[in-house]
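One letter stands for each residue in the lines below.
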Amino acid sequence: MFKMNDIKELIRAVDRSTIGELQIKGENDQQITISKQMNVGQVALIEETQVPATIAVAPVKVEVAPVQKQEEIQTPSTNTEGTAVHKITSPMVGTFYSAPSPDSDAYVRVGDQIKEDTVLCIVEAMKLMNELEAEVSGEIVEIFVENGQVVEYGQPLFLVKTA
């Protein structure tokens with residue numbers, strides 16, 4: 001099974017590269033596809049390539065498509081009161097779930113105190129349920145999406161007030 005931190009690293013690597021799309025097939029028919037938009041004039045197609053040996057996955061085919069660069073949303077900012085706020089964004093395209101099951105309580109609500117390892121939600125992508133952890137400590141100030149809503153890569157999900 002793919003770990004969320006590994007997926008995030010792959011997303012960052014694709015974002016920093018000229019690769020437009022990355023598909024990885026893992027064990028048990030698991031598959032991850034990471035796509036991004038690129039600036040016009042960049043390479044149109046990259047032939048088959050291997051993922052580095054540190055990640056145990058099969059060879060992948062990578063295609064590059066014309067795209068525009070998306071601005072970095074996850075940078076913390078400071079409001080006028082001197083407290084920092086941090087936007088937690090979706091690490092992938094998928095469906096947002098606020099609870100582990102339909103009849104369970106939400107992982108977090110506005111006003112909840114969270115830690116770095118607090119699970120905030122699930123983003124389902126290609127039938128894989130990916131738990132999203134906070135990575136910052138603080139208080140949930142705002143939740144930008146509704147349960148069951150489709151989210152895009154980089155879309156703000158939560159606003160956290162950090163001390």
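## Some points on the confidence of the model for the protein chain
For the protein chain, per-residue confidence averages 75 on the pLDDT scale, and 71% of positions sit at 70 or higher. Note that pLDDT drops below 50 for residues 39-78; the model gives that stretch 66 contacts with residues more than four away or on any other chain.

## Focus on the sheet that holds strand 11 (residues 150-151)
Taking strand neighbours across the sheet as the criterion, the four strands line up as 9-8-6-11 in an open arrangement whose pairing is antiparallel. Each edge of the sheet is formed by a strand with only one pairing partner; in this case those strands are strand 9 (128-133) and strand 11. Two strands pair when backbone bridges link them, and strand 6 (residues 94-97) and strand 8 (residues 119-125) are joined in this way by three bridges, in the antiparallel orientation. Of the residues in strand 8, the one forming a bridge with Phe96 is Val123.

## Re the pairing of strand 6
In terms of strand pairing, strand 6 meets strand 11 through two bridges, oriented antiparallel. Residue pairing across strands places Thr95 opposite Val150, the latter belonging to strand 11.

Cut-offs used in this document
Residues numbered from 1 in each chain as written. Predicted model: local features only at pLDDT ≥ 70, side-chain atom pairs only at ≥ 80, totals over all residues. Heavy atoms only, no water. pLDDT = per-residue confidence, 0-100. Contact = heavy atoms within 4.5 Å. Pairing = 2+ DSSP bridges. Helix = DSSP H or I, 4+ residues; strand = E, 2+ residues; numbered from the N terminus.

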